[in-house]
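Here is how the chains run, residue by residue.
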Amino acid sequence: MNLKLIKGMRIVVATHNPGKVPEISALLGGNYELVTAGQLNLPEPEETESTFGGNAMLKARHAAQLSGQVALADDSGLSVAALHGAPGIFSARWAGPGKDFAVAMAKVEQRLEEIGATDRAAWFTSALALAWPDGPCVVVEGVVRGQLTFPPRGDKGFGYDPLFIAEGQTLTFGEMDPAAKDAISHRTRAFEKLKAALID
Ligand code: IMP
């Protein structure tokens, strides 16, 4: 079976957030007809796996099986070494129902203080899964390593960006121009791997 992406192919993006489509389209290099699971009225599965890759695969398989088409899903988050990888797959959930990342970032700092940790090593992971309706699924992961800094700095990014200084940088992701962050981000690295595996 041909596990390759073909130009013009329709891909279901396993998300209910239409805002993700332009970004994914650019990262894939255009050339695909992207439609979201939300537009197809597909239900969202519960993210019950314990890894980024597991959850990305679960979402991609679910969308591929229900739509009968190739489906792409992502799962991402921040992992802190001294917190044994937390918040990890719970990165979005740490911000609570109000999606308040000031709360989530304060929680990271508080947890580190509670255990008296001085190690500030952390990394962002982006897992991507591409599933075919009849079973096969390709999963890749991109990672960017760095250090946390407190208090948070910068308002250019989203999520945990103001806390994170990537290796070799002095600015946080929240202070960097989006293009500079994109050049080294976990998400860009994951898409590069996906393209290398699936595009001739
Ligand atoms: P997902 O939508 O379930 O993949 O949740 C990912 C969560 O991880 C987001 O809500 C952010 O909090 C966090 N996250 C992932 N990537 C980044 C990033 O590049 N910068 C900041 N936070 C990120």
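Nothing here was measured: the structure is a model prediction, and the numbers come from that model.

Parameters at a glance
Here the residue index of a chain counts from 1 through its sequence in written order. At least 70 in pLDDT is required for a residue's local features to be given in this predicted model, at least 80 for side-chain atom pairs to be given and counted, and no such filter applies to totals for whole chains, interfaces and linings, which use all residues. Water and hydrogen atoms were dropped before computing side-chain values, which therefore reflect all heavy atoms in the structure. Helical segments are the DSSP runs of H or I of at least four residues, strand segments are the runs of E of at least two, and each set is numbered from the N terminus. Radius of gyration here is computed from C-alpha atoms only, and the compact-globule reference equals 2.2 Å multiplied by the residue count raised to the power 0.38. Exposure is judged per residue with a 1.4 Å probe applied to protein chains only, and the accessible area is read against the type maximum: over 50% gives exposed, under 20% gives buried, and values in between give partly exposed. As used in this record, nonpolar core signifies buried Ala, Val, Leu, Ile, Met, Phe, Trp, Tyr and Cys residues forming a set joined through side-chain atoms within 4.5 Å. Throughout, a contact is declared for two residues whenever any of their heavy atoms are within 4.5 Å. Between any two strands, pairing holds if DSSP finds at least two bridges. Each axis is a line fitted through C-alpha atoms, taken for helices only over the stretch in contact, and angles between the N-to-C directions span 0 to 180 degrees. To estimate the expected span of a helix, count its residues, drop one, and scale the result by 1.5 Å. To obtain the arc, one takes the directions from the helix axis to the C-beta atoms.

### Here we look at the overall build of the protein
Logical step 1: For the protein, the count of helices and strands is 5 helices and 6 strands.
Logical step 2: Secondary structure elements in the protein, listed N-terminal to C-terminal, are β-α-β-α-β-α-β-β-β-α-α.
Logical step 3: Taken against the 2.2 N^0.38 rule, which gives 16 Å for 200 residues, the C-alpha radius of gyration of the protein at 17 Å falls within 12% of a compact globule.
Logical step 4: Taking all 200 residues of the protein together, 46% fall into the buried category.

### Observations regarding the nonpolar core
Logical step 1: The biggest cluster of nonpolar side chains holds 22 residues, and the ones touching the most others in it are Val108, Leu148, Tyr160 and Phe164.
Logical step 2: Of all the secondary structure elements, the ones that give two or more residues to this core are strand E3 (71-80), helix H3 (101-114), strand E4 (121-131), strand E5 (137-148) and strand E6 (164-166).
Logical step 3: Of the residues forming this core, the biggest block, 4 residues, is contributed by H3.
Logical step 4: Discounting residues that sit within four places of it in the chain, Val108 has contacts with Val80, Leu83, Pro87, Trp94, Leu148, Phe150, Tyr160 and Leu163.
Logical step 5: Counting 21 residues, the second-largest nonpolar core is a separate cluster that includes Leu27, Leu128, Leu130 and Leu198.

### A look at the sheet that holds strand E2 (residues 33-36)
Logical step 1: Ordered by their spatial adjacency, 6 strands build an open sheet running E2-E1-E3-E4-E5-E6, and the pairing between neighbours is mixed. Lying at the two open borders of the sheet, with one neighbouring strand each, are E2 and E6. Taken over all neighbouring pairs, the strand axes of this sheet differ in orientation by 35° on average, direction set aside.
Logical step 2: Across 2 bridges, the pairing between strand E1 (residues 10-13) and E3 is parallel. Along E3, the bridge assignment pairs Val13 with Leu72.
Logical step 3: Against the sheet, helix H2 (residues 52-67) contacts E1, E3, E4 and E5, and its axis sits at roughly 160° relative to E3.
Logical step 4: In the packing of helix H5 (residues 186-198) onto the sheet, contacts are made with E3, E4 and E5, and the angle to E5 comes to roughly 155°.

### Let's talk about the environment of Lys195
Logical step 1: Mapped onto the fold, Lys195 is located in helix H5.
Logical step 2: Exposure remark for Lys195: the relative accessible area of 22% places this residue in the partly exposed category.
Logical step 3: Each C-alpha atom, one on Lys195 and one on Val12, is 16 Å from the other, the two residues being 183 residues apart in sequence.
Logical step 4: With near-sequence residues (within four places) excluded, Lys195 lies in contact with Leu27 and Leu28.

### A word on the pairing of E4
Logical step 1: With 9 of its 11 residues buried, E4 lies for the most part within the structure.
Logical step 2: Strand direction decides the pairing type here: E3 and E4, joined by 10 bridges, are antiparallel. Pairing of Ser76 across the sheet is with Ser126, part of E4.
Logical step 3: The pairing of E4 with E5 spans 11 bridges and is antiparallel. The residue bridging Ala121 from the neighbouring strand is Gln147, located in E5.
Logical step 4: Turn length for the E4-E5 hairpin, with the two strands adjacent in sequence and antiparallel, is 5 residues, and the turn residue Gly135 shows positive phi of about 130°.

### Quick notes on H3
Logical step 1: Here H3 spans 20 Å end to end across 14 residues, near enough to the 20 Å set by a 1.5 Å rise per residue.
Logical step 2: When H3 is considered as a whole, its buried residues turn out to be Ala104, Met105, Val108 and Leu112. Down the axis, H3 shows its buried residues gathered within 100° of arc, on one side only. Seen from the buried face of H3, the exposed residues on the opposite side, beyond 90 degrees, are Ala102, Glu113 and Glu114.

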